[in-house]
Amino acid sequence: MIDTLRLTAEEAAALIERGEVSSAELHSAYLLAIGERDAELHSYLTTVGESVGEGVPIALKDVISTKGVETTAGSKILAGYVPVADSTVAARCKQAGLPLIGKTNLDEFAMGSSTENSAYGPTRNPWNPERVPGGSSGGSAAAVAAGLAPWALGSDTGGSIKQPAALCGLVGLRPTYGTVSRCGIVAFASSLDQVGPITKTVRDCARLYEIIAGRDPEDSTTVELPEPVAMPDAEDLKGLRVGIPKELNEAEGIELGVSEAVNRAIELCGELGAEVGETRLPRSVEYGLPCYYLIAPSEASSNLARYDGVRYGPRVGDGDIRSMYERTRDAGFGDEPKRRVMLGTYALSAGYYEAYYGQAQKVRTIIRQEFAAALDQFDLLVSPTSPTVAFPLGARTDNPLAMYLSDVLAIPPNMAGLPGLSIPCGLSEGLPVGLQLIGRQFSENLLFRAGHALERALEFDFVPERLR
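Residues numbered from 1 in each chain as written. Predicted model: local features only at pLDDT ≥ 70, side-chain atom pairs only at ≥ 80, totals over all residues. Heavy atoms only, no water.

A.B. asks: I'd like a rundown of the nonpolar core, residues and numbers included.
C.D. replies: Among the nonpolar cores identified, the biggest contains 135 residues, and Phe-109 and Leu-153 are the most heavily contacted of them. In terms of residue count, helix H9 (residues 282-303) provides more of this core than any other element does, nine residues in total. (Core = buried A, V, L, I, M, F, W, Y, C linked by side-chain atoms within 4.5 Å. Buried < 20%, exposed > 50% of the residue type's maximum accessible area, 1.4 Å probe, protein only. Helix = DSSP H or I, 4+ residues; strand = E, 2+ residues; numbered from the N terminus.)

This is the structure we're talking about:
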């Protein structure tokens, strides 16, 4: 028997290398687990029955284009769309021999923080199925946490890898903007979107990042990594300066249990040899969320204009072309994409562009400068990933502003284009708490080193208690 709940990707690779199990047998084991547990969780939208590859199987968020496999972005407007080519990250996974298990559920067009906005129904948290798994990459996080995939790829715009990883007790990396290709990724907000790993361990995260990262001629925003990805093995934090941003750690809405778990992890940083001190990010935290919710919807309104019933997915209605556009978009888009497209279109309209979108871009520059000043003093910044643990299904669906606040701590470093690593640091109310590590651009190796040392010292059990 293969224990998919506990098997890490690194361990799975070792089993294959030793000849103790084949890639096809691993693939079958995960499909069997999906058959047993995913009816309750709904982490997958599509599964792939035929194994192609000789390595560790992988799950991909359904914004990642996959040749010959339906890609819906969680939306009815893309129902039945089958790409004719792989995205760059899917192609790199194939080249590394990673067979595709399936495509995971998400908030429609990656717009949400709970995976409740999916047109195909919500995903549930493996730790407690009455709770959300986070979002928008909730399907990928739930699949890995429930042992339905050894590792997965998600995408992160405002916190959509870090936050679900935190709520599901996993490791999640939002890479430095530009280190991972967006070619073939269904776009939400182009200046923010990044694909990244969701895994059980930091070493698995580093390995998957190594596979997908690097310059892509098909994406002009990508760059070569300044140094090779290093597999972390450090057991201490000696020589590192760890900053504690007051505003990120004392923001309104942070639950007491979350603060207590994060504070214990901060104390552990000192015990592991790091120099720990306080720093400030007053404008980044105050303006990060409103800045994001002008820039992201503005870019979404531009990106989603291509869905008109002509080139992708279903077409609704006959008659004149304007009527067909309106009916197709009304039927195909859910409430959240409609809300963001309307907000973004208004922010970009004549007479308002400079007052809203233009002003938000200026604020974004200030946020970038503030983070740069803090990271001149410290090697890493530390905070909670999410202000709360996983909240009940339905608790925030009628209150979009409360839902948006789920990412209030993850958004500021994203606005600055910085990498962030979330690792589990304990439990509150029996649910996982995430610790966010933020570094300078291209400091992924440093994040992996620190995350691995903390992971070993914390000894968090990533298997949900109810499934042990």
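A.B. asks: Run through the environment of Ala-331, naming residues and quoting values.
C.D. replies: Along the polypeptide, Ala-331 turns up in helix H10 (residues 321-332). Judged by its relative accessible area of 42%, Ala-331 is partly exposed. The spacing of Ala-331 and Arg-315 is 16 residues in sequence and 9.3 Å in space, taken between C-alpha atoms. Apart from residues no more than four positions distant in its own chain, Ala-331 is found in contact with Lys-76 and Val-316. (Contact = heavy atoms within 4.5 Å.)

A.B. asks: Talk me through the pattern of salt bridges; I want residue IDs and the actual numbers.
C.D. replies: One pass over the structure, following the stated rule, counts 24 salt bridges. Notably, a salt bridge pairs Arg-283 with Glu-370, separated by 3.4 Å at the nearest N-O pair. Here the residue Arg-283 occupies a position in helix H9, and Glu-370 occupies one in helix H12 (residues 354-377), the gap between them amounting to 87 residues. For Arg-283, a relative accessible area of 43% translates into the label partly exposed. A salt bridge links Lys-338 to Asp-330; the shortest N-O distance between them is 3.0 Å. Take Lys-338: its relative accessible area is 25%, and that puts it in the partly exposed class. Within this structure, Arg-6, Asp-461 and Arg-468 form a network of salt bridges that share partners. (Salt bridge = Lys/Arg side-chain N within 4 Å of Asp/Glu carboxyl O.)

A.B. asks: Explain the sheet that holds strand E5 (residues 171-174) to me, and be specific about the residues and the numbers.
C.D. replies: Taken in spatial order, the 11 strands of this open sheet run E1-E3-E2-E4-E6-E5-E10-E11-E9-E7-E8, and their pairing is mixed. Of all strands in the sheet, those with a lone pairing partner are strand E1 (44-47) and strand E8 (275-279), marking the two edges. Between one strand axis and the next, the sheet turns by 30 degrees as a mean value, whatever way the strands run. As paired elements, E5 and strand E10 (residues 420-428) share three bridges and run antiparallel to each other. Paired with Gly-172 across the two strands is Ser-422, which belongs to E10. Together, strand E2 (58-61), strand E4 (151-156), E5, strand E6 (194-199) and E10 form the strand contacts of helix H6 (residues 202-212), whose direction differs from that of E6 by roughly 150 degrees. (Pairing = 2+ DSSP bridges. Axes fitted to C-alpha atoms, helices over the stretch in contact; angles between N-to-C directions.)

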